[in-house]
Amino acid sequence: YSSGYYRTERDKGTQYELFYKKMDGMEYRHVTLFRPFGPLMKVKSETVDISRSIINIIVPLAGRTEAFAQFMQNFRDVCIHQDKRVHLTVVYFGQDGLSEVKSILESVARETDFHNYTLVSLNEEFNRGRGLDMGARAWEKGEVLMFFCDVDVYFTAEFLNSCRLNAEPGKKVFYPVVFSLYNPAIVYANQDIPPPVEQQLVHKKDSGFWRDFGFGMTCQYQTDFLTVGGFDLEVKGWGGEDVHLYRKYLHGELMVVRTPVPGLFHLWHEKHCADELTPEQYRMCIQSKAMNEASHSHLGMLVFRDEIEAHLRKQAYRTNSEAV
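Residues numbered from 1 in each chain as written. Predicted model: local features only at pLDDT ≥ 70, side-chain atom pairs only at ≥ 80, totals over all residues. Heavy atoms only, no water.

1. Quick notes on the pattern of salt bridges
For the structure on display, the rule yields 14 salt bridges. With a shortest N-O distance of 2.8 Å, aspartate 83 and arginine 164 are connected by a salt bridge. Of this pair, aspartate 83 sits in helix H1 (residues 65-83) while arginine 164 sits in helix H4 (residues 157-166), and the two are 81 residues apart along the sequence. With a relative accessible area of 8%, aspartate 83 lands in the buried category. The exposure class of arginine 164 is buried, given its relative accessible area of 3%. A salt bridge links arginine 130 to glutamate 124; the nearest nitrogen and oxygen atoms lie 2.5 Å apart. Glutamate 124 sits in the partly exposed class, given a relative accessible area of 33%. Beyond isolated ion pairs, a larger network of salt bridges with shared partners links Asp83, Arg85 and Arg164. (Salt bridge = Lys/Arg side-chain N within 4 Å of Asp/Glu carboxyl O. Helix = DSSP H or I, 4+ residues; strand = E, 2+ residues; numbered from the N terminus. Buried < 20%, exposed > 50% of the residue type's maximum accessible area, 1.4 Å probe, protein only.)

Spelled out as structure tokens, the structure:
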């Protein structure tokens, strides 16, 4: 049995304090280690040309056509008008809403002369892992960088370049930490209506949080994805498939780059936890629902709303009595 801690002194190095419990239970062995900062070593210096690096953005979808129309607005602004080095793959589950998605894609293609898209239609129940797997395998033009993306994710042109710079075939996969926005009805409760989406994209404590437990949005090359075996398609329903893939990379040879990025946002949407989920999945889903709704302080204000209102009524009564 052991425990310990480490601390980094900015000008010296890293100190480790380790405690090992001895068999008799009352004695500990205390080991102190120190790793000094060595002289800086230049490993390499190179120029990276990303001018011809295409990103295949893969979006799994079922229903949610309004969210898709909003996603395509962001896609048009960022990918078609600014970046211009993107292919879009939409994997659509079921028939309901399919014609609407087709017409949204066709009208964007017509208006912007953008034809680098693929619509894969699957007549089955929605499964995110299967959708991304099918989308990844649908590309047959050689090596390509893929961005697994959800319909309620908003990204900037700078993010696409981060994607290109932090993923490298056979070497690196990129798992950015997304900034997840809270329910705008709670965040902007003091305004008549929430501001437009573009104005909600701020990194503030009460407007959202860094989703450091989320592994769904990721940039990786097709060959790396196929080599590692893709998604575990046995995972049914909500959540889990993306963590399985992340763990496979962690245990493999590639470097996993994990860091918050400023240009990637998850837009709030109402979450429904289905009855069919296992107790464990349902618990995860409810936990996620609570975390996505509002900050600790905003949720606290909602929980204690009755107390706050009672206090205000007492204050008003007191003030009126004094006036009389």
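Read on for the rest.
2. Some remarks on the pairing of strand E12 (residues 255-266)
Pairing between strand E8 (residues 153-155) and E12: 3 bridges, direction antiparallel. When the sheet's bridge partners are listed, phenylalanine 155 is paired in E12 with leucine 264. With 8 bridges joining them, strand E9 (residues 172-181) and E12 adopt parallel strand pairing. Within E12, the residue paired with valine 173 across the bridge is valine 256. (Pairing = 2+ DSSP bridges.)

3. Observations concerning the packing of H1 against H4
Where H1 contacts H4, the two axes come as close as 9 Å, and the packing angle between them is 70°. Considering the angle they form, H1 stands roughly perpendicular to H4. Of H4, the residues touching H1 (which contributes Val78, Cys79, Gln82 and Asp83) are Ala157, Leu160, Asn161 and Arg164. Classifying every residue of the contact of H1 with H4 gives 4 nonpolar, 2 polar and 2 charged. (Axes fitted to C-alpha atoms, helices over the stretch in contact; angles between N-to-C directions. Parallel < 35°, antiparallel > 145°, perpendicular 65-115°, else oblique. Contact = heavy atoms within 4.5 Å. Nonpolar A, V, L, I, M, F, W, Y, C, P; charged D, E, K, R; others polar.)

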